[in-house]
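# Structural overview
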Amino acid sequence: MIAPVASAYDVVLAIHIMAVVVAFGVTFAYPLMFVVAARHDPRGIPLLHRIEYTTERWLINPGLLVVLAAGIYLASEGHHWSEFFVQWGLTAVVVIGALVGAVMIPTAKRAEELAARDLTAAGEGTVATSDEYRAVVRRLTVVGSLLSLLVLITILFMAIKP
Ligand code: HEM
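Here we summarise the structure given alongside this text. (Residues numbered from 1 in each chain as written. Predicted model: local features only at pLDDT ≥ 70, side-chain atom pairs only at ≥ 80, totals over all residues. Heavy atoms only, no water.)

In an ideal octahedron of six donors the angles at the metal are 90 or 180 degrees, and in an ideal tetrahedron of four donors they are 109.5 degrees. Around the iron atom of the ligand, the protein supplies His-16 (NE2) and Met-158 (SD) as donor atoms, at distances of 2.1 to 2.4 Å. Geometry at the iron atom of the ligand is octahedral, judged from its six donor atoms and the angles of 83 to 180° they form at the metal. Of the two residues, His-16 sits in helix H1 (residues 8–24) while Met-158 sits in helix H5 (residues 131–160), which places them 142 residues apart along the sequence. Here Met-158 falls in the partly exposed class, since its relative accessible area comes to 25%. (Donors = N, O, S within 2.8 Å, 3.2 Å for Na, K, Ca; no water. Tetrahedral: all angles 85-135°; square planar, octahedral: opposite > 155°, others 65-115°. Helix = DSSP H or I, 4+ residues; strand = E, 2+ residues; numbered from the N terminus. Buried < 20%, exposed > 50% of the residue type's maximum accessible area, 1.4 Å probe, protein only.)

What follows is the structure, given as structure tokens:
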């Protein structure tokens, strides 16, 4: 009898980690993308905000569901439910899902509208960003950074299992 190369638990653990990479990987590149666009082509900024909220809707939210479903399987099969890192993971999923749905997506949509309005106002001239746009971007930056930090801390807790 040949022993299987990997158990179902191993495969689901791999799926859990893949979903984390797929859901959150790109979000760590957002700040760089916006800095490059602002410096080299401010007229591309509305499109970047559209990419931002489309990614959140079609990559992060579904990815989060896969992370959760795989996590539930791992916690059940591995009898980890009473452990802190699992409670933390559940809380992180709820907080991330809520902030992405209630803050990040609507705020990125608003940022797209305001950036497009500023571009129209500038005509062919130099683009000047409005105070309103800067305030909205500040909110995206603060909440986005908190989410990134939460993802990193969660990975740390999942790996070291305090
Ligand atoms: C944003 C949320 C989450 C992230 C970023 C995350 C990340 C990770 C990572 C990177 C690992 C691999 C750690 C290792 O093998 O050493 C892992 C393992 C694991 N995660 Fe999560 N996870 C999240 C949510 C959850 C949730 C919600 C649950 C449970 C409902 C969960 C349960 C587990 C379990 C049981 C393991 C396997 C531990 C082991 O057998 O070594 N995770 N997670």
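Looking now at the nonpolar core. One finds Phe-24, Ile-96, Val-100, Tyr-133 and Leu-147 to be the most contacted residues of the largest nonpolar core, which totals 31 residues. Among the secondary structure elements, those contributing two or more residues to this core are H1, helix H2 (30–40), helix H3 (45–77), helix H4 (84–122) and H5. The greatest single-element share of this core, amounting to eleven residues, is contributed by H4. (Core = buried A, V, L, I, M, F, W, Y, C linked by side-chain atoms within 4.5 Å.)

What follows concerns the pattern of salt bridges. The final tally for this structure, using the stated rule, is six salt bridges. Here Glu-113 ties to Arg-110 by a salt bridge, and the two come within 3.0 Å at their closest N and O atoms. Within this pair, Glu-113 and its partner Arg-110 are both found in helix H4, separated by three residues, close to a single helical turn. Residue class for Arg-110 comes out partly exposed when judged on its relative accessible area of 33%. A salt bridge links Asp-131 to Arg-134; the nearest nitrogen and oxygen atoms lie 2.5 Å apart. Residue Asp-131 and its partner Arg-134 are both found in helix H5; the two are separated by three residues, about one turn of the helix. For Asp-131, a relative accessible area of 59% gives the class exposed. (Salt bridge = Lys/Arg side-chain N within 4 Å of Asp/Glu carboxyl O.)

Turning our eyes to something else, we now look at H1. Spacing of three or four residues puts side chains on the same side of an α-helix, whose turn is 3.6 residues. For H1, spanning 17 residues, the distance from its first C-alpha to its last is 24 Å, which sits close to the expected 24 Å at 1.5 Å a residue. All of the buried residues in H1 are Val-12, His-16, Ala-19, Val-20, Ala-23 and Phe-24. In an axial view of H1, the angular spread of the buried residues amounts to 100°, which keeps them on one side of the axis. Residues of H1 that are exposed and angled more than 90 degrees away from the buried face: Met-18 and Val-21. Check the buried side of H1 and you find it contacts H3, H4 and H5. (Expected span 1.5 Å × (residues − 1). Arc of directions from axis to C-beta. Contact = heavy atoms within 4.5 Å.)

Here the phi dihedral of His-79 falls at roughly 55°; this positive angle occurs in a residue that is not glycine. Within the fold, His-79 resides in the loop between H3 and H4. For His-79, a relative accessible area of 66% translates into the label exposed. The backbone phi angle of Lys-161 is positive, close to 50°, even though this residue is not glycine. The residue Lys-161 is located in the segment after H5 in this model.

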